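Architecture at a glance
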Amino acid sequence: MSNIYESAATTLDLFNTPCLTKVELRVACKGISDRDALSKPDPCVVLKMQSHGQWFEVDRTEVIRSSSSPIFSKVFTIDFYFEEVQRLRFELHDISSHNGLKDADFLGAMECTLGQIVSQRKLSKALLKQGNTAGKSSITVTAEELSGNNDYVELAFSANKLDDKDFFSKSDPFLEIFRVNDDGTGSLVHRTETIMNNLSPVWKSFKVSLNTLCSGDHQRELKCTVYDWDSNGKHDFIGEFQTTFREMKGGMEGKQIQWDCINPKYQVKKKNYRNSGVVTLYQCKIIKMHSFLDYIMGGCQIQFTVAIDFTASNGDPRNSCSLHYIHPYQPNEYLKALVAVGEICQDYDSDKMFPAFGFGGQIPPDFKVSNRFALSCINCVCVCVCVCVCVCAGIQGVVEAYQNCLPKIQLYGPTNIAPIIQKVASAASEEMHTKEAMEYFILLILTDGVITDMADTREAIVHASHLPMSVIIVGIGNADFSDMQMLDGDDGILRSPKGEPVLRDIVQFVPFRSFKHASPAALAKSVLAEVPNQVVDYYNNKGIKPKNLSDYESSRAFSP
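Per an unreviewed UniProt entry, the recorded name for the protein chain is C2 domain-containing protein, and the organism is Denticeps clupeoides. Word for word, the UniProt comment on the protein chain under Sequence similarities (unreviewed entry) is "Belongs to the copine family."

Take a look at the structure:
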């Protein structure tokens, strides 16, 4: 291993990359002040996470109408890193109109770290507004580690002859399902929609993870409650019943599972009381959700390719101010980014032979500008032939090829990256036609400036979004990269010049300078965070199961 390579890997602490897990957060509030004497708030909680001193929205709960003590059914799923301080902010808003947060009233907020929630499992704190407590309102956040059970269950319920709680019309029923925890408390799993003016409602089917439903324990008690919805938030209790997922699974065998909906007060007072209606499970279907590791363990290889910018704006490599300057002990930003991402990706490639390209340089022997040349074949007589076969042995081989070719290339321009994307897309297209989960392609592009072929690049990315492929772009140096953000679909849908939208969001762009003072593996985590979901989304959308795994027998469902 070369000294430069060793130094870069040590600087980024990549020999001891910590593990990642996911945490589910559930939220409830209490004591929210009424708007006035006649109306209660319509609360919604917005979850934000701090990054580089700024708060960014991660997700938000549903809006619960007319409630001062809401229990939200929305579950937040957060990636948890032991080595990082992940600051969270829970904002409570009163959504009083159809304009969402735009016209909402801010009711208070609570800030904490994910580590605090996880260590306590349940964190309750007062809501603050302008530094002071917001009345008696408080928020409780409960944490639970997401297990390896990725399966979902699709359930659908109906009811028959429910009690009528309204004088001038029929009841407006909805169903709530709570999971009973080990300490006897309940966690809201799902709340159905309200069916207006109907004593025999048929609620829409819904999907929920088995982890959320029963913590993976099929015999865990589930408490189901039916209410008559009222606009003032004081919903009338109709009845309840207890069950387990083990009992629900009988619905997969072609049987309808039914429960008496019981009102305990009526059961005591009325001699001939039977029930307050009957609730029927008319659909139960387990949906196998293959994870990223399912595909990796099934034999899917990550094909990693790197492309490096050799345009003149990088500066003369012989000058210590150049972005390409090779210091004997301190790796430059190109090497740091390459090693950070490459060290992780190479673990998922069995042969560890990586294509490495350069663009924007004048290459020997005739020193014509090339927008796609292989770093390891820079001495070949016919680069155009060898570009398809020249690869580097491991990330160390990429580093050495980069170092060796620097003195032989004249930096020039322009900064065109579409040819590189098209090259990798061509290989990904061949994989797509196999209709198997064998190879997924990751292209890492390291560039010091705004690209000059934006239209062609947009076209290439839209095409690549249909393929088993992801693109990571890291901006090197201090250039203005604001125009590059449009390639990352986070702020909107990227479209080709002809208006065709991307099928999937496959691009992640970050400027390296944002990670100069961050934790060692922060850059790699940031750019690779979306890749597992991108892999799973691609194969799930194509209906491709992991290879070498036993086929999952889909469960039967039936309709009422």
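For the pair helix α7 (residues 333-345) and helix α9 (residues 394-405), interaxial distance at closest approach is 10 Å and the crossing angle is 160°. Relative to α9, α7 is oriented roughly antiparallel. In the crossing of α7 with α9, the sense of the turn from one axis to the other is right-handed. Each of Tyr334, Leu335, Leu338, Val339, Gly342 and Glu343 in α7 lies in contact with α9, whose residues at this interface are Ile395, Val398, Val399 and Tyr402. Of the residues belonging to the contact of α7 with α9, the class tally is 8 nonpolar, 1 polar and 1 charged.

On to unusual backbone geometry. Omega for the peptide link from Pro364 to Pro365 comes to 10°, which places this bond in the cis form. Among the secondary structure elements, Pro365 is positioned in the loop between β20 (361-363) and β21 (368-370). Geometrically, the link from Gly413 to Pro414 is a cis peptide bond, its omega value of 5° lying close to zero. As for its placement among the helices and strands, Pro414 is situated in the loop between β24 (410-411) and α10 (418-432). Backbone geometry places Gln130, a non-glycine residue, at a positive phi of 55°. Mapped onto the elements of the fold, Gln130 is located in the loop between β7 (122-129) and β8 (132-145). Overall, the relative accessible area of 78% leaves Gln130 in the exposed class. Positioned with a positive phi, Phe367 is a non-glycine residue whose angle comes to about 55°. With respect to the helices, strands and loops of the structure, Phe367 is situated in the loop between β20 and β21.

Here we take up α10. Compared with an ideal rise of 1.5 Å per residue, which puts 15 residues at 21 Å, α10 spans 20 Å between its outermost C-alpha atoms and is within 8% of the ideal. By the burial criterion, the buried members of α10 are Ala418, Ile420, Ile421, Val424, Ala425, Ala428 and Glu431. Contacts from the buried residues of α10 go to β17 (301-309), β19 (356-359), β25 (439-447), α11 (454-464), β26 (469-475) and α13 (531-541).

Before going further, it helps to spend a moment on the sheet that holds strand β14 (residues 236-244). Strand order across the open sheet formed by 4 strands is β11-β10-β13-β14, with antiparallel pairing between neighbours. A single partner strand is all that each edge strand has here, and the edge strands are β11 (186-191) and β14. For this sheet the average axis-to-axis angle between neighbouring strands, irrespective of direction, equals 25°. As judged from the 7 bridges shared by strand β10 (residues 173-180) and strand β13 (residues 221-228), these two strands associate in the antiparallel manner. Directly across from Glu176, in β13, lies its bridge partner Thr225.

As a further point, take the packing of α10 against α11. As a packed pair, α10 and α11 sit with axes 9 Å apart at the nearest point and diverge in direction by 15°. Taken as axis vectors, α10 and α11 run roughly parallel relative to one another. For the element pair α10 and α11, the recorded crossing hand is left-handed. Note on element contacts: α11 touches α10 through Asp456, Thr457, Ala460, Ile461 and His463, opposite Ala418, Ile421, Gln422 and Ala425. Residue composition of the contact of α10 with α11, by class: 5 nonpolar, 3 polar and 1 charged.

Glancing now at the packing of aromatic side chains. Taken as a whole, this structure holds 15 aromatic pairs when the rule is applied. Aromatic pair Phe310 and Phe373: ring centres 5.7 Å apart, planes at 50°, arrangement tilted. Taken together, the positions of Phe310 in the loop between β17 and α7 and Phe373 in strand β22 (residues 373-374) put the pair 63 residues apart, joining distant regions of the chain. Of the two residues, Phe310 and Phe373, both sit in the buried class. An aromatic cluster is built from Phe157, Phe206, Phe241 and Trp259, whose rings are joined through pairwise contacts. Across from the ring centre of Tyr266, 4.3 Å away, lies the NZ or CZ of Lys270, which sits over that ring.

The subject of this paragraph is the sheet that holds strand β16 (residues 278-287). Within the open sheet, the 4 strands sit side by side as β12-β9-β16-β15. Their pairing is antiparallel. A strand with exactly one partner marks an edge of an open sheet, and here the two such strands are β12 (206-209) and β15 (257-260). The mean angle between the axes of side-by-side strands here comes to 35°, regardless of whether they run parallel or antiparallel. Both strand β9 (residues 152-160) and β12 contribute to a ladder of 4 bridges, which runs antiparallel. Residue pairing for β12: Tyr152 is matched across the bridge by Ser209.

Applying the stated criterion across every chain yields a total of 16 salt bridges. Taking the shortest distance from any N to any O, the salt bridge between Lys40 and Asp34 comes out at 3.8 Å. Assessed through its relative accessible area of 23%, Lys40 is described here as partly exposed. Among the residues examined, Asp34 registers a relative accessible area of 40% and is labelled partly exposed.

Calculation notes
- Residues numbered from 1 in each chain as written.
- Predicted model: local features only at pLDDT ≥ 70, side-chain atom pairs only at ≥ 80, totals over all residues.
- Heavy atoms only, no water.
- UniProt positions renumbered as here; feature names shortened; annotations may be inferred.
- Axes fitted to C-alpha atoms, helices over the stretch in contact; angles between N-to-C directions.
- Helix = DSSP H or I, 4+ residues; strand = E, 2+ residues; numbered from the N terminus.
- Parallel < 35°, antiparallel > 145°, perpendicular 65-115°, else oblique.
- Left-handed = near helix turned anticlockwise from the far one by under 90°.
- Contact = heavy atoms within 4.5 Å.
- Nonpolar A, V, L, I, M, F, W, Y, C, P; charged D, E, K, R; others polar.
- Buried < 20%, exposed > 50% of the residue type's maximum accessible area, 1.4 Å probe, protein only.
- Expected span 1.5 Å × (residues − 1).
- Pairing = 2+ DSSP bridges.
- Phe/Tyr/Trp six-rings, centres within 6.5 Å; stacked < 30°, edge-to-face > 60°.
- Lys NZ or Arg CZ within 6 Å of the ring centre and 35° of its normal.
- Salt bridge = Lys/Arg side-chain N within 4 Å of Asp/Glu carboxyl O.

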